[in-house]
Every structure is written in C-alpha cells, then in structure tokens.
Amino acid sequence: MKITILGTGYVGLVSGACFSEFGFNVLCVDKDNNKINKLKNNIVPIYEPGLEDLVKKNSSANRLSFSNNINKNIKEADVVFIAVGTPARRGDGHADLSYVYEAAKQIAKNLSGYTLVVTKSTVPVGTGNEVKNIIKKINPDADFDIVSNPEFLREGNAIEDFMRPDRVIVGCETNKAKDIISSIYKPLYLIETPILFTDLKTAELIKYSANAFLAVKISYINQMADLCEKVGADVHDVARGIGLDKRIGSKFLHPGPGYGGSCFPKDTLALVETARLSKANISIVETVVKYNQKRKSDMADKIIGILKNDYENKKISILGLAFKPETDDMRDSPCLDIIPRLLEKGIKISAFDPVAMGQAKKILKDIEFAKDLESCLKDSDALVILTEWNEFRSLSPSKLLGVMKGNKLIDLRNALNPNSFNGSEFDLIQIGRSSHTTQ
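Quick summary incoming for the structure in this document.

The rules we used
Every chain's residues receive numbers from 1 upward, in the order its sequence appears when written. Per-residue local features of the predicted model are confined to residues with pLDDT of at least 70, and side-chain atom pairs are confined, for both listing and counting, to 80 or more; whole-chain, interface and lining totals are unaffected and use all residues. In computing side-chain properties, one takes all heavy atoms of the structure into account and sets aside hydrogens as well as water. Where helices are involved, their axes are fitted lines through C-alpha atoms of the stretch in contact, as for all axes, and angles between N-to-C directions lie from 0 to 180°. Numbering of helices and strands runs from the N terminus; a helix is a DSSP stretch of H or I covering at least four residues, while a strand is a stretch of E covering at least two. The cut-offs work like this: below 35 degrees is roughly parallel, past 145 is roughly antiparallel, 65 to 115 is roughly perpendicular, and the gaps in between are oblique. Rotating anticlockwise by less than a right angle from the far helix to the near helix defines a left-handed crossing, while the corresponding clockwise rotation defines a right-handed one. Any two residues whose heavy atoms approach within 4.5 Å at even a single point are treated as in contact. Here is the rule: rings of Phe, Tyr and Trp (six-membered ring for Trp) pair when centre to centre is within 6.5 Å. Planes less than 30 degrees apart are stacked, more than 60 are edge-to-face, and the remainder are tilted. Buried means the residue's accessible area, taken with a 1.4 Å probe over protein chains only, is under 20% of the maximum for its type, while exposed means over 50%, and partly exposed covers the values in between. Only when the NZ of Lys or the CZ of Arg is both within 6 Å of the ring centre and within 35 degrees of the ring normal is a charge said to sit over the ring. Only residues whose relative accessible area exceeds 30% and that take part in no salt bridge are eligible for patches, with like-charged residues grouped when within 9 Å of each other and nonpolar side chains (Val, Leu, Ile, Met, Phe, Trp, Tyr) grouped when within 5 Å. Areas reported as accessible are Shrake-Rupley estimates using a 1.4 Å probe. Residue values count occlusion only from the protein chains shown. A side-chain nitrogen of Lys or Arg and a carboxyl oxygen of Asp or Glu constitute a salt bridge if their distance falls within 4 Å. Just so you know, the count uses Lys and Arg for positive and Asp and Glu for negative, and it drops His and the chain ends. To locate a charge, the coordinates of NZ of Lys, CZ of Arg, CG of Asp or CD of Glu are taken. When DSSP finds two or more bridges between a pair of strands, those strands are recorded as paired. By the criterion used throughout, a crossover qualifies as right-handed when its path from the first strand across the helix to the second strand runs clockwise, the strands pointing away from the viewer.

Attention now goes to the packing of helix H10 (residues 200-231) against helix H11 (residues 235-243). Here H10 crosses H11 at 135 degrees, and the two axes come no closer than 9 Å. As judged from the angle between their axes, H10 and H11 are oblique. Classified by chirality, the crossing of H11 by H10 is right-handed. Contacts between H10 and H11 pair Tyr220, Ile221, Met224, Ala225 and Cys228 from the former with Val235, Val238, Ala239 and Ile242 from the latter.

Attention now moves to the packing of aromatic side chains. Inspection of every chain in the model, using the stated rule, returns nine aromatic pairs. Relative to phenylalanine 81, the ring of phenylalanine 19 lies with its centre 5.1 Å away and its plane at 35 degrees, an arrangement referred to as tilted. With a gap of 62 residues between them, phenylalanine 19 in helix H1 (residues 10-21) and phenylalanine 81 in strand E4 (residues 79-82) connect regions that are remote in the sequence. Note on phenylalanine 19: relative accessible area 0%, which makes it buried. An angle of 65 degrees between the planes, with centres 6.4 Å apart, marks the rings of phenylalanine 352 and phenylalanine 392 as edge-to-face. Of this pair, phenylalanine 352 sits in strand E10 (residues 348-352) while phenylalanine 392 sits in helix H17 (residues 390-393), and the two are 40 residues apart along the sequence. An aromatic cluster of at least three residues, connected via ring pairs, comprises Phe19, Phe22, Phe81, Phe162 and Tyr185. Above the plane of the ring of phenylalanine 197 lies lysine 178, whose end atom (NZ or CZ) is 4.8 Å from the centre.

Turning our attention to a positive patch on the surface. A cluster of basic side chains, namely Lys31, Lys105, Lys109 and Lys137, defines a positive patch on the protein surface. Examined against the element boundaries, lysine 109 turns out to sit in helix H5 (residues 98-110).

Considering the arrangement of structural elements, one finds threonine 122 in the loop between strand E5 (115-119) and helix H6 (127-138). Spatially, the C-alpha atom of threonine 122 lies 31 Å from that of alanine 225, the residues being 103 residues apart in sequence. Once you skip the residues sitting within four places of it in the chain, threonine 122 turns out to touch Thr86, Glu151, Lys207, Tyr208, Lys266 and Asp267.

Moving on: the pairing of strand E9 (residues 315-319). In terms of burial, E9 is largely enclosed, as five of its five residues are buried. Residues Lys315, Ser317 and Leu319 line one face of E9 and the alternating positions Ile316 and Ile318 line the opposite face, and both faces are buried. Here E9 runs beside E10; their pairing, made up of five bridges, is parallel. Residue pairing across strands places lysine 315 opposite lysine 348, the latter belonging to E10. Of the crossover connections in this fold, the one passing from E9 over helix H14 (residues 335-344) to the parallel E10 is right-handed. Relative to strand E12 (residues 382-385), E9 runs parallel, the two being bridged by four bridges. Bridge pairing in E12 places serine 317 opposite leucine 383.

So, on to the pattern of salt bridges. Summed over the entire model, instances satisfying the criterion amount to 19 salt bridges. Across the pair aspartate 298 and lysine 294 runs a salt bridge whose closest N-O atoms are separated by 3.0 Å. Of the two residues, aspartate 298 and lysine 294 both sit in helix H13 (residues 283-306), four residues apart, roughly one turn of that helix. Here lysine 405 ties to aspartate 381 by a salt bridge, and the two come within 4.0 Å at their closest N and O atoms. Residue lysine 405 is found in the loop between helix H18 (397-400) and strand E13 (408-411), and its partner aspartate 381 is found in the loop between helix H16 (373-377) and E12; the two are separated by 24 residues along the sequence. On the accessibility criterion, lysine 405 (58% relative accessible area) is exposed. The structure contains a network of salt bridges with shared partners spanning Lys314, Asp381 and Lys405.

Rendered as structure tokens:
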C-alpha cells in the first residue's frame, strides 16, 4: 500500500514517519522546496524528540521519502492524507480552510483508480463533505471515499502519542473505506488501541470537543489558583485533591500563565465560530477564550506589580519562550503577550530557552537572547519562569547567589521546589501559592 501525505508540517511529518515505521511506503509532499530539500538530507525542520531519528531510520530503509511533485504522487497513491495547516482566519477566528480546499483540488485533478482521501488536518464540522463535493465537481468520474481521521498529538510527546494512542477516531461512509483505514492502523490492534468509527461530522467534532474541554480544564485550574492566592490555600494540593477523583482526573490541572500552542487557541476559536454559525450556545468555551487571552496580560501586570513600579532600566531574566517544554513551537506562547508589556515599561529583557531560541529570534525584538542559562541570569534584578524546562527545575539559592543581582523569583509555572527557598535570601512567588520570602 502506498501512502501519500500532503503537507510536511508538524502533523504531516510525524504521521508520515510513524506510518513508515509501521512498514508502509510513505511519501510526504510539500510545495516548500527548501523544506523538502532539507528532509531529503535528513534535516528535520521542527523540534520533536525522537522524530529526527525516526525520519533517518525509515528514509534509509526506503520506506519514507519526500517530494514536491504533488501531481505524480497523488496518482500513484492508494491513500492520500491531507495534513496541511488550518490556522485561525483573521477577522472571525474561523479555521482557514484554503489549504485544505486547495489540496482537494489537486487530488481531484490527479486521482487514478480508487483512492482513499483522508483528512488528518483539524477541520470544522462539514469540511469532509465539502472536500468530497470539490473532488466530485472537478472530477465527476473519480472513484474515491472520504475519511476523517483527526490527530491527537501532543507536541513533545508526538511519537509516543502516535504509536500508543489513547484512541483512534475514524469518520467514514463505506465499508471499503473502513477496511482500508483499519488495515493502516492494524499495528495498533496489537496493543488493543480503541478505534472508534463514526460518521464524518462526528469525527470532526470530536477533535474540537476534546481540545476545547482540555482548554476549559486548564482555565479552571488557573482560576482556582487565583482564588487560592486570595484565601491563602495551595493550588497544588487543590489540584491533587480533585484530580484523585477518577471522574475528574489529574491531567491538565497545572496552573500557569495560560494555554498556547498550535491547537488550543485556534481550535477553541474555530469551535466558537462553528457554534455561532449553527446558532448553538457554547458560552463556556466562549468565556474560556476570553479569559485565557486576558490571563496572559494579567500575568504581565502581576510581574510589574511585584516590582512595585521600580522597574525602569531593571533587568529581568525570562526563562522559557516556547509555549511548553520539549518543543520549539512559539505559536501563541504566553511570552508573546508578556514580554512586549514588560518592554513598554522600560524593563530590559534577557531571555533563554534550551530549544526555541531560533524561532523566538524571528518574532521577538528588542530583547537580549542569552547563550546559556547562567549568562541570562547574570546581574538580573528578577527571574521569570515562563516554560517549565527540566533544567530550570534544579535552580536553587546556591545556584543563584552571586549570579543574580536581585532576589525576586517569579515562577509562573510552579516549576521550582518552594521548600528549597524557605529561609533563603530569595523571594519566590508562584501561582496559587503563598510567597516564600526572606526570613
């Protein structure tokens, strides 16, 4: 079976590498010649643990290849996955489906024999039917089926998520399509992965519903953290206490400066727009979207308030720029809202991220990018942790003494162990916890 994947972004590249690891012949296609040339030379354009090794391994085994020839590789494919981007559309927040529809047009022009067309991109309800209509309009005699197969990959853990998923969602309309997609995911039957078959629209909505629910959960614990600060409770104990309830679970109950990344921000916006067009009330998700955006600016105000208006020409060390650890993804990272607010106040910023510096330099201006952790902290008046990379967790008074000039540690990810700072010279401020000050 020959699989062609349109798009070599995060979803397309991870899916292609993993399908080839399953033993299939996979060809990933992209219009970006520079990206394709890099991939042909085993240079992976994104940071994802384990991905580079997987690409090298399967490329060497001739199971995984890359091309910019869309027409030829659609004709030769048994299955074509659409894995192009669906960013939020400017103005209304709805998913921009122009790349998906363009892919559908290219598929329609080049179908040869029966082909299974699978939408892997995250798309709103009804997109699968529209893709089918586009193909039929351009190529009325085309022999094909449409499948919706949304991805549930966490950046930083994508290979594991693909190889050992909680579930696989498949929306399809014919038994033939069901049999083919079942054979593609056959290796997962060995580990008894639940595969849920639905219709197209249901599969599309499952993806958005899942991400919106997780966004709600994150915002909920952030609000509980705010309440904990007001009443003197500890949000970590609150999270553990409610997370032990199996109906709630402990995942995504980690307070922070707000969610970001490639999925939650755009998917919640798209779901809200879908509901608006359908005249359905999803006010919970609408509130979360507004709250999450405001939380990022509130975190900037929190930092400014801690400095008690004594911030002009002060140096703050920002640790972490990616929206989460184990990725270089800067999309909707909290730092993109927080750092500009600090710069407006005349604060000098020195920033360091173990992986995302290259991406950050393309976006953030007027700040110093430190070469390493120690140079970032050198002579700083305050430290702010925005991403909980493991190497930041080991910071202690002994490591900071003589390096920092000031004593304010603003930990917006609760990455540091507060017990390590009891009785120290440092003032540790965390989310939803009492401050650990000089004693």
